[in-house]
Amino acid sequence: MTAQRYLLDGVRPLGGEPVRMLLADGRIAAVGTDVDAAGAEVVDAAGLHALPGLVDLHTHLREPGREDAETVETGTLAAALGGYTAVFAMPNTEPCADTAGLVEQVWRLGRDAGHCDVQPIGAVTVGRQGERLAELGAMADSAARVRVFSDDGNCVSDAVLMRRALEYVKAFGGVVAQHAEEPRLTEGAQMNEGALSGVLGLGGWPAVAEEAIVARDVLLAGHVGSRVHICHLSTAGSVEIVRWAKEKGWDVTAEVTPHHLLLTEDLVRSYDPIYKVNPPLRTDADVQALRQALADGTIDCVATDHAPHSLEHKETEWAVASPGMLGLETALPIVQQALVDTGLLDWAGVADRMATKPAAIGGLAGHGRPLAEGEPAHLVLYDPAAEWTVDRARLASRSTNTPYAGHALPGRIVATFYGGRPTVLDGKPT
Amino acid sequence: MNRHLISAGDLSRDDALLILDTAAELAQVASRPVKKLPTLRGRTAVNLFYEDSTRTRTSFEVAAKRLSADVINFSAKGSSVAKGESLKDTALTLEAMGADAVVVRHGASGTPNRLTNWIDGSVINAGDGTHEHPTQALLDAYTIRDRLGRLDGLSVVIVGDVLHSRVARSNVLLLATLGVDVTVVGPPTLLPVGVETWPCATSYDLDAVLPKCDVVMMLRVQQERMHAAFFPSAREYSRRYGLDARRMATLPEHALVMHPGPMNRGMEIAAEVADATRSTITEQVANGISIRMAVLYLLLGGTEPAIGHDPAHTEPTESA
């Protein structure tokens, strides 16, 4: 941690009254109106909101194996520019992160890059093939201290294997993050199943393929008394199942991506694969249900599913294009547009859904903390009144597959402090 | 007319009738000793076929050549990704070669839409995945009008694998635009989700709709559907949705039997039905050339009468 001291002058914690906030020795040293700035570098934060450094439970950093699309270095820089101080890296790398050695490699690459904490997620099954459990305990015991396990990209569709995984990770306080997709129901699927898929002649990905797995897994989690986390919830029906499971008192959490909070399947009419994601963009009714569920706490957190892909995997026919879109650098503005500007969530709610809850679900104790004296100085300074136009050429990610290029978004990430040290100042990497 | 022909849904009633009338005019060329017009001399049409389709490719090729266009056949199996060169690069290459029209057949729905982003010339959809095949629908409409003398108010039944059929999609859109009452019939597993929003009626009962229709259009059932639980067996499909002599006998006397080909004889259509005089299957092939000539002519900027003499003498009698 740096010894550098920063005084954030006029900053508004969670959008509240302006204060001075002193960051020293990696912590928030003082918060108040008369904090002494002696020896500190003063940052003019007048009018800027302070939020806890964002935490992404669902990031694809692509290293090792697909460094043409993203590296730990470029992905975490994108994270910092998006206000993140910690990201959980999904294991669908090449090779797959299903061993202690692999997760340690990713963890070290993140530490060396130094833009934010990188917490690897381990694969549930060997090679994410869904046939036998990976060495979950070895990954948990490794230097990376893995606590979240997922075959993301694939569903752990075998009910017995899923049950065993849920039971097994109890030994070290782990959680299984499920990519809920019944594979037989989505064979050949290209977009949300409905009237539009019929018109466009694209294979349908029915809502029930997600909901059937969500229902099964919350029942399994309830049965074995373990924790399950549902990745990228995309349908109104899934929301109802998660709500029901929580009412039962089962240890079930869920995430939603920024794009599922804003974009609808209608965009697929263009056949532009920039809109191809998995799970697919759904209907406006789904979007409204997801927003409501995030606001009322049924959905615990926002996770980006940041999925960089090189140009040749996107500038092609819809059917063969890789699913996924960038998320880290635009998540907070999208959440502002979809939830804050619509009156569904206040800034304390945003901090909860984008920092506190994901850190808690992933077991990352030092993140998502209150902006209070003595807490780790992971925070983001944000100007919600600003507006910016997304420019592909200025993204830190190595890939450019964002659907927002050329679009004006509200809000601007002005600075990110990671352990008291700025990784981003005045909107630029330090 | 739009610059491209991607979907039958893009055609207004006037556009569609203009194509049919132009095709009727151009059909006369086929009966001449010299089956060629100078209309598109100096223009280049590229047949970009990622899927094998001798019938459609040849039809477009003959159509373009009868209008004196230069034709380049660019065949490429599989997806462009599998092939190594991206679709975009292929498009830019064709653009650099000065293609005035690109006729594209591709296994992926939406590929013609993608090409319009990269190509200045006209893009003509010759079948994309399970999306559309607008010139097939146009030639079907032409054939019906040619045989029955009109389209408005007719009843057309489309039978079979509507879910995977680009021919059905285009026909439903085009025929509805032209005032035809369309009913799609098939097992529920082969009717698309959301079909109730299409401009057509639906039925699971072929026997119930046959006595009232003017045209029955059979769709090809692909072998892989027979092994993917869309229906229990080929035999059961054939019994419930196949057109055999017994069912044909329930049709009104004037009613036509159509099939876009290639047929599974004995599966969706019995041999004696396929070869019956009310069957239009070979006419559909011949009419395809006239339709494609008309489409190429109109998209590539034809403003003069296609044949080049007084259109009063070429007024199609069947367009009443």
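Notes on the structure follow. All values reported here derive from a predicted model rather than from experimental measurement.

Calculation rules
- Residues numbered from 1 in each chain as written.
- Chains lettered and ligands numbered in written order.
- Predicted model: local features only at pLDDT ≥ 70, side-chain atom pairs only at ≥ 80, totals over all residues.
- Heavy atoms only, no water.
- Helix = DSSP H or I, 4+ residues; strand = E, 2+ residues; numbered from the N terminus.
- Rg over C-alpha atoms; globule rule 2.2 N^0.38 Å.
- Buried < 20%, exposed > 50% of the residue type's maximum accessible area, 1.4 Å probe, protein only.
- Core = buried A, V, L, I, M, F, W, Y, C linked by side-chain atoms within 4.5 Å.
- Contact = heavy atoms within 4.5 Å.
- 1 Å grid on protein atoms, 1.4 Å probe; cavity = no way out; pocket = protein on both sides within 12 Å on 5 of 7 lines; lining within 4 Å.
- Points joined across faces, edges and corners; volume = space filled by probe spheres on them.
- Nonpolar A, V, L, I, M, F, W, Y, C, P; charged D, E, K, R; others polar.
- Salt bridge = Lys/Arg side-chain N within 4 Å of Asp/Glu carboxyl O.
- Polar contact = N/O pair within 3.5 Å; in protein donor to acceptor, adjacent residues only side chain to side chain.
- Pairing = 2+ DSSP bridges.
- Axes fitted to C-alpha atoms, helices over the stretch in contact; angles between N-to-C directions.
- Expected span 1.5 Å × (residues − 1).
- Bend = angle between axes of the 7 residues up to and from the residue.
- Right-handed = clockwise from strand over helix to strand, strands pointing away.
- Phe/Tyr/Trp six-rings, centres within 6.5 Å; stacked < 30°, edge-to-face > 60°.
- Parallel < 35°, antiparallel > 145°, perpendicular 65-115°, else oblique.

1. Observations regarding the overall build of chain B
- When helices and strands are tallied, chain B shows twelve helices and nine strands.
- The C-alpha atoms of chain B give a radius of gyration of 19 Å, which matches the 20 Å a tight globule of 320 residues would have.
- Dimensions along the principal axes, computed over C-alpha positions, put chain B at roughly 50 × 50 × 35 Å.
- The buried share among the 320 residues of chain B stands at 57%.

2. A look at the nonpolar core
- Counting 96 residues, the largest nonpolar core has Phe149, Leu233, Leu332, Val350 and Met354 of chain A as its most contacted members.
- Element by element, the count of residues in this core is highest for helix H9 (residues 331-340) of chain A, at seven residues.
- Setting aside its immediate chain neighbours within four residues, Val350 of chain A contacts Leu51, Leu332, Val335, Val340, Leu345 and Ala355 of chain A.
- Core analysis: the second largest hydrophobic core is formed by 62 residues, Ala63, Ala137, Leu154 and Leu299 of chain B among them.

3. Here we look at the layout of surface pockets
Residues and elements named next belong to chain A.
- When its volume is computed, the second largest pocket comes out at roughly 640 Å³.
- In terms of lining, the second largest pocket is formed by 33 residues, of which the most central are Asn92, Gly153, His309, Ser322 and Pro323.
- Residue classes in the lining of the second largest pocket are distributed as nine nonpolar, 16 polar and eight charged.

4. Comments concerning the interface of chain B and chain A
- Every contact between the two is made by 21 residues of chain B and, on the other side, 19 residues of chain A.
- Counting across the interface, chain B meets chain A through two salt bridges.
- For Asp272 of chain A, the salt bridge identified is with Arg114 of chain B, shortest N-O distance 3.7 Å.
- Taken together, the links from chain B to chain A amount to seven residue pairs in polar contact (both at pLDDT 80 or more).

5. Focus: the sheet that holds strand S7 (residues 84-89) of chain A
All names here are of chain A.
- Spatially, S6-S7-S8 is the arrangement adopted by the three strands of the open sheet, whose pairing is parallel. Among the strands making up the open sheet, the edge pair consists of strand S6 (54-59) and strand S8 (117-120). Going from strand to strand, the sheet's axes swing by 20° on average, the running direction of each strand aside.

6. Here we look at helix H12 (residues 281-299) of chain B
Residue and element names in this part refer to chain B.
- Compared with an ideal rise of 1.5 Å per residue, which puts 19 residues at 27 Å, H12 spans 27 Å between its outermost C-alpha atoms and is within 8% of the ideal.
- Along H12, the sharpest change in direction is near 25° and occurs at Asn287.
- Among the 19 residues that make up H12, 15 are buried, leaving the element largely enclosed by the rest of the structure.
- Gly301 sits one or two residues past H12 and shows a positive phi near 90°.

7. Concerning the pairing of strand S1 (residues 44-49) of chain B
All names here are of chain B.
- Most of S1 sits inside the fold, with six of its six residues counted as buried.
- At this point the chain moves from S1, through helix H2 (residues 54-66), to the parallel strand S2 (residues 70-75), and the crossover so formed is right-handed.
- Of the strand pairs in this sheet, S1 and strand S3 (residues 101-106) are connected by five bridges, and their pairing is parallel. Across the sheet, Leu48 pairs through a bridge with Val104, a residue of S3.

8. Observations regarding the packing of aromatic side chains
All names here are of chain A.
- Evaluation of the coordinates by the stated rule reveals seven aromatic pairs over all chains.
- Seen in terms of ring centroids, Trp347 and Tyr382 are 5.5 Å apart; in terms of plane orientation they differ by 55°. Their pairing is tilted. Of this pair, Trp347 sits in helix H10 (residues 347-362) while Tyr382 sits in strand S16 (residues 379-389), and the two are 35 residues apart along the sequence. Each member of the pair Trp347 and Tyr382 is classed as buried.
- In textbook terms, an aromatic cluster arises when at least three aromatic residues are bridged by ring pairs, as seen for Phe149, Tyr168 and Phe172.

9. Side note on the pairing of S3 of chain B
- Among the six residues in S3 of chain B, six count as buried, and that is most of the element.
- Going residue by residue along S3 of chain B, you find Ala101, Val103 and Arg105 of chain B tucked away on one face and Val102, Val104 and His106 of chain B tucked away on the opposite face as well.

10. Concerning the packing of helix H6 (residues 207-224) of chain A against helix H7 (residues 236-247) of chain A
All names here are of chain A.
- With their axes 9 Å apart at the nearest point, H6 and H7 run at an angle of 10° to one another. Taken together, the axes of H6 and H7 lie roughly parallel to each other. Residue-level contacts link Glu210, Glu211, Val214, Ala215, Val218 and Leu219 of H6 to Gly237, Ser238, Ile241, Val242, Trp244 and Ala245 of H7.
- Of the residues that constitute the contact of H6 with H7, the class distribution is eight nonpolar, two polar and two charged.

By themselves, these figures tell us nothing about what the structure is for.
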